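# Coordinate analysis (summary)
Residue-level listing of the chains:
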Amino acid sequence: MTAADPDVDAFTRPYWQAAGEGRLLLRRCGACGRAHHYPREFCPHCWSEDVTWERASGRATLYTWSVVHRNDLPPFGERVPYVAAVVDLAEGPRMMTEVVGVTETDLRIGMDLEVTFRAEGELRVPVFGPPSEC
């Protein structure tokens, strides 16, 4: 692991294991029924601790983005320029991420995206790109 790698602990381990298998997880509240991301041990909407892991569809739409041309923190400096973004997951929550596989001039608010996973040290992290053609 590098200094930029997220901490994996007993709570986040299911999330990172699923990511390693190509699945995106989020949390859903049993009390109010709302989904949230980033994963927390309580619902940020009603504060209930009745939250469980749920597989997300992997579908999202682009909410906003910024093209980063300079970042001195490893490993980001090696990737510039890159698209830092916020996406609306199909299940409702917003998620900070990176958009890959789309040129800057083709980015549009509301465009359809799909999760994919990129190796980051020992982990795989979710990023979003154009939907695959099936």
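Quick note: structure is the one above.
Here's a quick rundown of the structure. (Residues numbered from 1 in each chain as written. Predicted model: local features only at pLDDT ≥ 70, side-chain atom pairs only at ≥ 80, totals over all residues. Heavy atoms only, no water.)

### Digging into the sheet that holds strand 3 (residues 51-55)
Taken in spatial order, the three strands make up an open sheet running 2-1-3, and their pairing is antiparallel. Of all the strands in the sheet, just strand 2 (35-36) and strand 3 have a single pairing partner and so form its edges. Where strand 1 (residues 25-29) lies against strand 2, two bridges are found, and the strand directions are antiparallel. Looking at the pairing, arginine 28 lines up with alanine 35 of strand 2. (Pairing = 2+ DSSP bridges. Helix = DSSP H or I, 4+ residues; strand = E, 2+ residues; numbered from the N terminus.)

### Details of the layout of surface pockets
Taken as a whole, the largest pocket encloses approximately 740 Å³ of empty space. Taken together, 25 residues form the lining of the largest pocket, with Trp16, Met96, Thr97, Val125 and Pro126 sitting closest to its centre. Counting only elements with at least two residues in the lining of the largest pocket, the list comes to helix 1 (13-20), strand 5 (82-89), strand 6 (94-99), strand 7 (112-120) and strand 8 (123-129). With four residues, strand 6 is the largest single contributor of residues to the lining of the largest pocket. Residues belonging to the lining of the largest pocket are distributed by class as follows: 16 nonpolar, three polar and six charged. (1 Å grid on protein atoms, 1.4 Å probe; cavity = no way out; pocket = protein on both sides within 12 Å on 5 of 7 lines; lining within 4 Å. Points joined across faces, edges and corners; volume = space filled by probe spheres on them. Nonpolar A, V, L, I, M, F, W, Y, C, P; charged D, E, K, R; others polar.)

### Thoughts on the state of the cysteines
Under the definition given, this model contains zero disulfides. Looking at cysteine 29, it has no disulfide partner, and the nearest cysteine sulfur is the one in cysteine 46, 3.6 Å off. Accessibility expressed as a relative area gives 3% for cysteine 29, which makes it buried. (Disulfide = S-S within 2.5 Å. Buried < 20%, exposed > 50% of the residue type's maximum accessible area, 1.4 Å probe, protein only.)

### Some remarks on the packing of aromatic side chains
Per the stated rule, a full pass over the model turns up four aromatic pairs. Seen in terms of ring centroids, phenylalanine 42 and tryptophan 47 are 5.2 Å apart; in terms of plane orientation they differ by 10°. Their pairing is stacked. These aromatic residues form a ring-pair network of at least three members: Phe11, Tyr15, Trp16 and Trp53. Lying across the ring of tyrosine 38, arginine 40 places its NZ or CZ 4.1 Å from the centre. (Phe/Tyr/Trp six-rings, centres within 6.5 Å; stacked < 30°, edge-to-face > 60°. Lys NZ or Arg CZ within 6 Å of the ring centre and 35° of its normal.)

### Side note on the environment of leucine 123
Mapping leucine 123 onto the fold places it in strand 8. Note: C-alpha distance between leucine 123 and arginine 108 (15 residues apart in sequence) is 29 Å.

### Section: the environment of glycine 20
By secondary structure assignment, the location of glycine 20 is in helix 1. By relative accessible area, glycine 20 is classed as partly exposed at 37%. Distance from glycine 20 to alanine 119, taken between C-alpha atoms, is 8.7 Å for residues 99 residues apart in sequence.

### Focus: the environment of phenylalanine 128
In this fold, phenylalanine 128 is placed in strand 8. Accessibility expressed as a relative area gives 0% for phenylalanine 128, which makes it buried. C-alpha separation for the pair phenylalanine 128 and alanine 56, spaced 72 residues apart in sequence, amounts to 13 Å.

### Here's the deal with the pairing of strand 8
Most of strand 8 sits out of view: six of its seven residues are buried. Across seven bridges, the pairing between strand 7 and strand 8 is antiparallel. Paired with valine 115 across the bridge in strand 8 is phenylalanine 128. A loop of two residues connects strand 7 with strand 8, the two strands running antiparallel in sequence, and glycine 121 in this loop sits at a positive phi of about 65°.

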